[in-house]
Amino acid sequence: MSCIIIGASHAGVQAAVNLRLQGYQGKVILISSDTVLPYQRPPLSKAFLQNVLPEQKLWLRPETFYQQKDVDLMLGKRVINIDREQRTVSLDDMQCLSYDKLILATGASIRRLTVPGSDLSEVHYLRDYQDTIGIRDSLKSANNVVVIGGGYIGLEAAASLQKLGKNVTLLIKHDRPLSHITSNVVSDYLTQRHATHGVNIQLNVVVTEIIGVDKVLAVETENGQRYQADMVIVGIGVVPEQQLAEQCGLDVNNGIRVNEYMQTSDHNIFAIGDCSSFYHPVYQKQLRIESVQNATDQAKTATTAICGQSVPYSATAWFWSDQYDDKLQIAGLSEGYDEIVIRQETEKSLAVFYLAQNQLIAVDTINQPKSFMISRKYIHNLPKVDKTILADKNQDLNSAFTEIPGV
Amino acid sequence: MLNVTFILPDKNKITVAANEGDSLMQTAVDNAIEQISGDCGGCCSCATCHCFIDDKWKDKMTPADDMETELLEGAIDNMQENSRLACQIFLSEEHDGLVVQVPESDW
């Protein structure tokens, strides 16, 4: 009996851990194309980029862990083909491995810039360990850095580089940062914070060209502006890594389609984490979520099914981001809200509650961890809430969920 | 190196060797104490490393800061005076022999 896991980031490693924890007796093979031990991704744009997190603390587990748990960790190997009939996977070194169950934890790959000059040297992306190492290396001789993209990666990279004393310009295509994720309230707060810290944050700008000779010199935007750059960091999103699944004929559509047990259209193959597209029973829509929580929770769902018990996936999504000394925490998914309620404790501490038809669907908190935690406990079934209590910092937030008017 | 003992929810005790400077969360994760999951990697964002510190060690602990306290207050229903987040406890020589009680996962 054997279970092969392709991809050894948060989802893949958690799957290997859980298989053993849940008593899986067969062989567990964990395959990674990275050459270093499986690592945490969130610090790559924060503490590890700032060089304040030593490498051994980046690893998800120490090397001895895999031996102790009898997990066959294969580093620096790429799977090139899945044969569903024979139930084998072929590696780029000609090895062919058999599986009874296969878990695809292939993650996502960066979306690349396509404007002229995108292939100049010192145009960096930030997804993998090697990317951050490359950026850290280049930073030694770079002073002016242009960051492209107003998502988590762009914002966190800008904050980290500012902390390192670089001249940072942050170019955002939309009218505000995190525009697809959050409301104006949170976006405006973040814009303000980056500006206060000295980042030159530019909204509504479309990059048209990276200018340079061999190496980048400047970034040009649609309105003719040029921003001087010794280095460019691009954070414009990712696409699900679904090529292997597609090749072997599994259902894919912006991610590898899975059922509530993370099972693909082949019942011996599971897909988890950034690469999986699933129907969320609470939000009642097809989703693909890029987060640590989703990766680890889906790993649990898949391994539970493999070990013979089936518990459908319905976990509450949650996210976090650290920028400067601000902590942003998000629970739930705010898309489709029709009302917001704000609970402001101080200038630097606020919670934004998102409601749809009077049900709480998400909350974003900035430096208000207690509100995040309380909301996260209750939000899983989209509860009705007392809006007056939500907004009133002097009232216990718990009671907004337990004392509903008219119920 | 120092020793730390985790008392698991089933009352089993596991004593492990810890590195000075590591957090208690890191020590637990590295030693497969899976009830302490440390999902956020130790940046005080998720409260999945809640534990109880044996009372006699209280004086040797740096007190919880506001962020940790708020997170605990919001997250934990069975919070006690000795509740801590393991990611915020950094081990030094004086913690040799520390005893930590691990609750059933709150999540």
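Nothing here was measured: the structure is a model prediction, and the numbers come from that model. (Residues numbered from 1 in each chain as written. Chains lettered and ligands numbered in written order. Predicted model: local features only at pLDDT ≥ 70, side-chain atom pairs only at ≥ 80, totals over all residues. Heavy atoms only, no water.)

1. Topic: the overall build of chain B
Going by this rule: Numbered from the N terminus, helices here are DSSP runs of H or I no shorter than four residues, and strands are runs of E no shorter than two. With the radius of gyration taken over C-alpha atoms, the globule rule is written as 2.2 Å times the number of residues to the power 0.38. In this description, contact between two residues means that some pair of their heavy atoms is separated by no more than 4.5 Å. Residue burial considers only the protein chains on display, and all accessible areas are found by Shrake-Rupley using a 1.4 Å probe. Think of it this way: Lys and Arg go in the positive column, Asp and Glu in the negative one, and His and the chain ends go nowhere. Lys charges are placed at NZ, Arg charges at CZ, Asp charges at CG and Glu charges at CD.
Along its length, chain B carries 2 helices and 5 strands. Counting from the amino terminus, chain B carries its helices and strands in the arrangement β-β-α-β-α-β-β. Rg of the C-alpha trace for chain B: 12 Å, near the compact-globule value of 13 Å for 107 residues, within the 12% margin. Projecting the C-alpha coordinates of chain B onto the three principal axes gives extents of approximately 35 × 25 × 25 Å. Excluding contacts between residues fewer than 6 apart, the proportion of contacts in chain B whose partners are at least 24 apart in sequence is 64%. Here chain B has roughly 4,900 Å² of accessible surface; of this, 43% comes from carbon and sulfur atoms. Averaging the coordinates of the 6 positive side-chain charges in chain B and doing the same for the 21 negative ones gives two points 10 Å apart.

2. Overview of the sheet that holds strand β4 (residues 79-83) of chain A
Residue and element names in this part refer to chain A. Convention followed: Strand pairing is assigned whenever DSSP detects at least two bridges linking the two strands. The angle between two axes is taken between their N-to-C directions and runs from 0 to 180 degrees, where each axis is a line fitted to C-alpha atoms and a helix contributes only its stretch in contact.
Read across the sheet, 3 strands follow the order β4-β5-β6 without closing on themselves; strand pairing throughout is antiparallel. Of all strands in the sheet, those bounded by a partner on one side alone are β4 and β6 (96-98). Taken over all neighbouring pairs, the strand axes of this sheet differ in orientation by 20° on average, direction set aside. Pairing of β4 with strand β5 (residues 88-91), which is carried by 4 bridges, proceeds in the antiparallel orientation. In the strand pairing of β5, V79 is matched with L91.

3. A few points about the pairing of strand β16 (residues 231-234) of chain A
All names here are of chain A. So the rule is basically this: Each residue is assigned to one of three classes by its accessible area relative to the maximum for its type, calculated with a 1.4 Å probe on protein chains only: buried under 20%, partly exposed between the two thresholds, exposed over 50%.
Alternating residues of β16 divide into M231 and I233 and V232 and V234, and every residue in both groups is buried. When strand β9 (residues 123-125) meets β16, the two strands line up parallel, connected through 3 bridges. Bridge pairing in β16 places V123 opposite V232. Pairing of strand β10 (residues 144-148) with β16, which is carried by 4 bridges, proceeds in the parallel orientation. Looking at the pairing, V145 lines up with M231 of β16.

4. Some details on a negative patch on the surface
Applicable threshold: Patch definition: residues with relative accessible area over 30% and no salt bridge; like charges joined within 9 Å; nonpolar side chains (Val, Leu, Ile, Met, Phe, Trp, Tyr) joined within 5 Å. One speaks of a salt bridge when a side-chain nitrogen belonging to Lys or Arg is within 4 Å of a carboxyl oxygen belonging to Asp or Glu.
Taken together, the side chains of E20, E93, E94 and D96 of chain B make up a negatively charged region of the molecular surface. Position of E94 of chain B relative to the elements: it lies in the loop between β4 (83-85) and β5 (98-101).

5. Notes on the environment of R176 of chain A
Residue and element names in this part refer to chain A. The condition that has to hold: As used in this structure description, the phrase polar contact means that two N or O atoms lie within 3.5 Å; if the pair is within protein, one of them must be able to donate a hydrogen and the other to accept it, and residues adjacent in sequence are counted only when both atoms belong to side chains.
Following the sequence through the fold, R176 ends up in the loop between β11 (167-171) and α5 (184-196). On the accessibility criterion, R176 (13% relative accessible area) is buried. In the structure, R176 is positioned 26 residues away from Q202 in sequence and 9.1 Å away in space, judged by C-alpha atoms. Beyond its immediate sequence surroundings of up to four residues, R176 is in contact with T182, S183, N184, S187 and L203. Only 2.9 Å separates the side chain of R176 from the side chain of N184, close enough to count as a polar contact.

6. Topic: the packing of aromatic side chains
Residue and element names in this part refer to chain A. For the record, the criterion: Stacked, tilted and edge-to-face are the three classes assigned to paired rings of Phe, Tyr and Trp, where Trp is represented by its six-membered ring and a pair needs centres within 6.5 Å; plane angles under 30 degrees give stacked, over 60 edge-to-face, the rest tilted.
One pass over the full model with this rule turns up 9 aromatic pairs over all chains. Residues F48 and Y129 carry aromatic rings whose centres are separated by 5.8 Å and whose planes lie at 25° to one another, so their mutual orientation is stacked. Taken together, the residues span a long stretch of sequence, with F48 in the loop between β2 (27-31) and α2 (63-68) and Y129 in helix α3 (residues 129-139) at a distance of 81 residues. With respect to class, F48 is no different from Y129; both count as buried.

7. With respect to the interface of chain A and chain B
What counts here: Summed over both partners, the accessible area lost on bringing two parts together, with a 1.4 Å probe, is the buried area.
Each partner contributes residues to the interface: chain A has 26 residues there, and chain B has 24 residues. Between chain A and chain B, a total of about 2,200 Å² is buried, with carbon and sulfur atoms accounting for 55% of that surface. Taken together, chain A and chain B are joined by 4 salt bridges. One salt bridge connects K57 of chain A with D22 of chain B, and the closest N-O pair in it is separated by 3.6 Å. Summed over the shared surface of chain A and chain B, the number is 11 residue pairs in polar contact (both at pLDDT 80 or more). Residue assignment for the side of chain A that touches chain B shows that the elements contributing at least two residues are α1 (10-21), α7 (292-306), β22 (318-323), β23 (326-332) and α8 (369-378) of chain A. No other element matches α8 of chain A, which puts 7 residues into the side of chain A that touches chain B.

8. Side note on the sheet that holds β5 of chain B
All names here are of chain B. Sheet architecture is open: 5 strands sit in the order β2-β1-β5-β3-β4, paired in mixed fashion. Only two strands of the sheet have a single neighbouring strand rather than two, namely β2 (13-18) and β4. When strand polarity is set aside, the average angle formed by the axes of neighbouring strands in this sheet is 35°. Summarising the sheet, strand β3 (residues 50-53) and β4 pair through 3 bridges and their orientation is antiparallel. Note that in β4 the partner of F52 across the bridge is S83.

9. A short note on the packing of α8 of chain A against helix α2 (residues 66-75) of chain B
Note the cut-off: Between 65 and 115 degrees an angle is taken as roughly perpendicular, under 35 as roughly parallel, over 145 as roughly antiparallel, and anywhere else as oblique. For a crossing to be left-handed, the near helix must be turned anticlockwise from the far one by less than a right angle; the clockwise case is right-handed.
With their axes 7 Å apart at the nearest point, α8 of chain A and α2 of chain B run at an angle of 20° to one another. With respect to α2 of chain B, the axis of α8 of chain A lies roughly parallel. Where α8 of chain A crosses over α2 of chain B, the handedness of that crossing is right-handed. For the pair formed by α8 of chain A and α2 of chain B, the contact residues are P369, K370, M373, I374 and K377 of chain A on the first element and M67, E70, L71, E73, G74 and A75 of chain B on the second.

Functional significance is not addressed by these values, which are geometric in nature.
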